[in-house]
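Chain and residue survey
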Amino acid sequence: MARIDTLFIRIALIYLIAGMAFGIWMGIGQSFEYTPVHAHANLAGFALMTLFGLIHRAWPALRQSPLSTWHFWAHNVSLVIFVIGIYIAHSPAAQDTVAIIGSFLILLSTLLFAVIFYRGADAA
């Protein structure tokens, strides 16, 4: 796998572009009921993943942890579930179960990152 720090930031940029494009689409249509989808794609997708990447860059020992790859995939899968869940929760069907599951999965992936950090930060 390529350097985990670079992968986090590359995927973060995809979320940023997608989130911005979605925001522009909502603005053009003057329809803002999906604003939370746009906001969470940018926050959990771009901002959080960029931070993960920069932290991995600042503490190179973190990149050596096999858990880092697990964290990368766990966060990405959780984020997709979460963003789709928020979309569903704000649609006419208004079912929030998927968003709740996605939010807990993101929390678990972030707890995994905390384990990686606490184990590896002092090794640098």
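Right above here is the structure, for reference.
Residues numbered from 1 in each chain as written. Predicted model: local features only at pLDDT ≥ 70, side-chain atom pairs only at ≥ 80, totals over all residues. Heavy atoms only, no water.

A grouping of Ile100, Phe104, Leu107, Leu108 and Leu111 is seen on the molecular surface, where their side chains present a nonpolar patch of about 490 Å² in accessible area. Of note, Leu107 is situated in helix α5 (residues 97-120). (Patch = residues over 30% accessible without salt bridge, like charges linked within 9 Å, V, L, I, M, F, W, Y side chains within 5 Å. Areas by Shrake-Rupley, 256 points an atom, 1.4 Å probe, with all protein chains shown as cover. Salt bridge = Lys/Arg side-chain N within 4 Å of Asp/Glu carboxyl O. Helix = DSSP H or I, 4+ residues; strand = E, 2+ residues; numbered from the N terminus.)

Quick look at the nonpolar core now. Note that soluble globular proteins tend to have their nonpolar side chains buried in a common cluster. By size, the foremost hydrophobic cluster in this structure holds 20 residues, and its most contacted members are Phe8, Met49, Phe72 and Leu79. Every element with two or more residues in this core is listed here: α1 (4-29), α2 (35-58), α4 (66-89) and α5. For this core, the leading source of residues is α1, giving six residues. (Core = buried A, V, L, I, M, F, W, Y, C linked by side-chain atoms within 4.5 Å. Buried < 20%, exposed > 50% of the residue type's maximum accessible area, 1.4 Å probe, protein only.)

Time to look at the pattern of salt bridges. Within the structure shown, the criterion is met by three salt bridges. Where Asp5 meets Arg57, a salt bridge forms, and the shortest distance between an N and an O atom there is 2.4 Å. Remark: Arg57 occurs in helix α2 and Asp5 occurs in helix α1; sequence separation between them is 52 residues. With a relative accessible area of 0%, Asp5 lands in the buried category. Accessibility expressed as a relative area gives 44% for Arg57, which makes it partly exposed. Three or more residues are tied together by salt bridges with common partners; here these are Arg3, Asp5, Arg57 and Arg63.

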